[in-house]
Amino acid sequence: MLNKVQQLGRSTISSLERLGRGHLFFLQLLTALPTVLLRFPLLTQQLFSIGVLSFLIIFVSGLFVGMVLGLQGYNTLIDFGAEESLGVMVALSLVRELGPVVTALLFAGRAGSALTAEIGLMKATEQLSGMEMMAVDPIKRIVAPRFWAGVISMPLLAAIFSAIGVIGGYIVGVGLLGIDAGAFWSQMQPRVDLGEDILNGVIKSIVFGVVVSWIAVYEGYDATPTSEGVSRATTRTVVHSALAVLGLDFMLTALMFGE
Amino acid sequence: MGMSNSTAPLIEIRGLTFYRGDRAIFDNVDLDVARGKVTVIMGPSGTGKTTLLRLIGGQLRPDAGTICIDGQEVTTLSRRALYQLRKRMGMLFQSGALLTDITVHENVAFPLREHTKLSESMIRNLVLMKLEAVGLRGARDLMPSELSGGMARRVAMARAIALDPMMIMYDEPFTGQDPISMGVLVSLIRKLNDAMGLTSIVVSHDVAEATAIADHIYLISDGKVVEHGSPEQLKQSASPWVAQFLNGEPDGPVPFHFAAGNYLDDLLTEKRDVK
Ligand SMILES: Nc1ncnc2c1ncn2[C@@H]1O[C@H](COP(=O)(O)OP(=O)(O)OP(=O)(O)O)[C@@H](O)[C@H]1O
Ligand SMILES: [Mg+2]
């Protein structure tokens, strides 16, 4: 009995410690920004492998999500004779919710897990320690460029996702189901608000970008330096990112749209 | 290097104490590393040889005691000063620790690119010189995954001497090597030490190789320095412990077992971790 209590206490303390270390780590990432900007080639290299290489999955997913929205939206709206509003519905769903959220989930699976595995393996093979002994700070040289590349890529990918999604909705709604193209676009134009809808969506995607990238690099950096430790850290990245994104999405939506 | 302290030890360790949990890895250890010499640290597996190198490199902080390197106290240095000091130390990790996503050439160039503003052609020449010194100039375009273990260690050596450090630390450079590459590494460590005016610390438990290159040997076990001296002095040591270690006898004063409770009790207890 006493053992159980002891164990509970110990694991609580150690997870609080981990949380604390994670926040200090976050501060280090923020303060490394000037170094990252000064060494621009390191950043562009990561922008390529994190952002550009995620483009295809974002493109394809965005297209399909938009097409599904077109189909489902049409079936619902036609009952009310409001199928001309399909454009508005597709655009608002994407810009406000699906764009940032689905992109963040895909991003965690595609780029986040890769980041964790890469940094964790570098730690397990003593490459990070080796760097420290060469008087090179691995946080500035390895971790921070990856974190910032993730932060920058995420809103751009979300914007691409939403744009492609709208096109997907157009293909289904206008191309397949025969809605008037003029109505599709002209209703969308005045009813999607720059500040209210687009800006809020961008804010969401920035928040998700920071959180997912932070979780990914921290899990890698804090991984137990064994192959098992790295694989567990990779799983944790995907699970924790998904939970964090969905939880935060609710809170942000409540703050932004919940009068 | 001032003339006045050129005979003083490069590294002076006094009263070093370091704990992992409740276990003392080092308990009040004194140790000197002479300038320009090859000092070998020997001891059974798990005594804390790697830990000692990490303490010297400032990656771990001792619980008590001082580590003085070339007049600087490592344990109290600021982060910036510590990084400054590390530019003058090379270290070879047990695994080599090469960066796996860049070529051999880029690995050796890495510290030069990070810490100097040399032109591309200067860097190329320096890298080729360092690789030539370890006999691997021809391997410059290979990736680390294409190297054998011995070659990877020699590349790591070239990288460790890239910035012309004052000292270099080798963690088990001989393990897993065939006799020929072992011989190559032994003579390389000696050659680099003498030709570049380095001070070398070699951690090893290969008795023959270690005694072949050592100017001075420290034997550590159970958190203490058991014996130290030149290889000849150690061979003549009266201590049964030293004799057991140097002759590689399986049991004797050095226990074969990691500290544990009574074996019979352990077997008879049903649940393992009852304290
Ligand atoms: N990260 C760690 N956390 C807790 N204990 C550790 C850690 N690293 C090492 N130890 C403990 O410290 C002791 C010394 O480890 P160290 O790696 O320095 O040994 P070593 O002398 O280099 O052994 P080997 O010859 O096998 O490389 C080990 O017995 C190990 O139990
Ligand atoms: Mg070791």
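These figures come from a predicted structure and were not determined experimentally.

K.L.:
Whenever I open this one, the sheet that holds strand β4 (residues 64-69) of chain B confuses me. Can you help?
P.N.:
Pairing between sheet strands relies on hydrogen bonds along the backbone, with the strands arranged either parallel or antiparallel. Residue and element names in this part refer to chain B. Strand order in the open sheet formed by four strands is β2-β1-β4-β5, and the pairing between neighbours is antiparallel. Looking at the sheet topology across the chains shown, the edges are occupied by β2 (23-33) and β5 (72-73). In the sheet, strand β1 (residues 11-20) pairs with β4 via five bridges, with the strands oriented antiparallel. Bridge assignment links Glu 12 to a residue of β4, and that residue is Cys 68.

K.L.:
Would you explain the coordination of the magnesium ion (ligand 2) in this entry?
P.N.:
Coordination angles at a metal have ideal targets, namely 109.5 degrees for four tetrahedral donors and 90 or 180 degrees for six octahedral donors. Residues and elements named next belong to chain B. Bound to the magnesium ion (ligand 2) on the protein side are Thr 50 (OG1) and Gln 94 (OE1), at distances that span 1.9 to 2.7 Å. Within this pair, whereas Thr 50 is found in helix α1 (residues 49-56), its partner Gln 94 is found in the loop between β6 (89-92) and α3 (104-115), the two being separated by 44 residues in sequence. Since its relative accessible area comes to 22%, Thr 50 is described here as partly exposed. For Gln 94, a relative accessible area of 34% corresponds to the partly exposed category.

K.L.:
How do you make sense of the side chain of Ser 61 of chain A when you look at a structure like this?
P.N.:
Residues and elements named next belong to chain A. Structurally, the position occupied by Ser 61 is in helix α4 (residues 55-77). Residue classification places Ser 61 among the buried positions, given a relative accessible area of 17%. A distance of 2.5 Å separates a polar atom in the side chain of Ser 61 from the backbone oxygen of Ile 57. In this structure Ser 61 touches Leu 106 and Phe 161, once residues within four positions along its chain are discounted.

K.L.:
Hey, could you run me through α1 of chain B in this one?
P.N.:
Within an α-helix, residues lying three or four positions from one another point in the same direction, as the helix has 3.6 residues per turn. Here α1 of chain B lies mainly inside the structure; seven of its eight residues are buried. Looking at the residues trailing α1 of chain B, positive phi occurs at Gly 58 of chain B, about 80 degrees.

K.L.:
Please clarify how the nonpolar core should be interpreted in this entry.
P.N.:
Looking at soluble globular proteins, one finds that nonpolar side chains tend to be buried together. Counting residues in each nonpolar core, the largest one holds 59 residues, and the members touching the most others are Phe 25, Leu 29, Phe 147 and Val 217 of chain A. In this structure, Phe 147 of chain A is in contact with Phe 26, Leu 29, Val 210, Ser 213, Trp 214 and Val 217 of chain A, ignoring residues within four places of it in sequence.

K.L.:
Looking at this structure, how should I read unusual backbone geometry?
P.N.:
Note: most peptide bonds trans; most residues except glycine with negative phi. Positive phi values are uncommon outside glycine, yet Glu 126 of chain A reaches one of about 65 degrees. As for its position among the elements, Glu 126 of chain A is in the loop between α5 (86-124) and α6 (127-133). Since its relative accessible area comes to 17%, Glu 126 of chain A is described here as buried. The backbone of Asp 70 of chain B shows a phi angle near 50 degrees, a positive value even though the residue is not glycine. Turning to its location among the elements, Asp 70 of chain B is positioned in the loop between β4 and β5.

Rules and cut-offs
Residues numbered from 1 in each chain as written. Chains lettered and ligands numbered in written order. Predicted model: local features only at pLDDT ≥ 70, side-chain atom pairs only at ≥ 80, totals over all residues. Heavy atoms only, no water. Pairing = 2+ DSSP bridges. Helix = DSSP H or I, 4+ residues; strand = E, 2+ residues; numbered from the N terminus. Donors = N, O, S within 2.8 Å, 3.2 Å for Na, K, Ca; no water. Buried < 20%, exposed > 50% of the residue type's maximum accessible area, 1.4 Å probe, protein only. Polar contact = N/O pair within 3.5 Å; in protein donor to acceptor, adjacent residues only side chain to side chain. Contact = heavy atoms within 4.5 Å. Core = buried A, V, L, I, M, F, W, Y, C linked by side-chain atoms within 4.5 Å.

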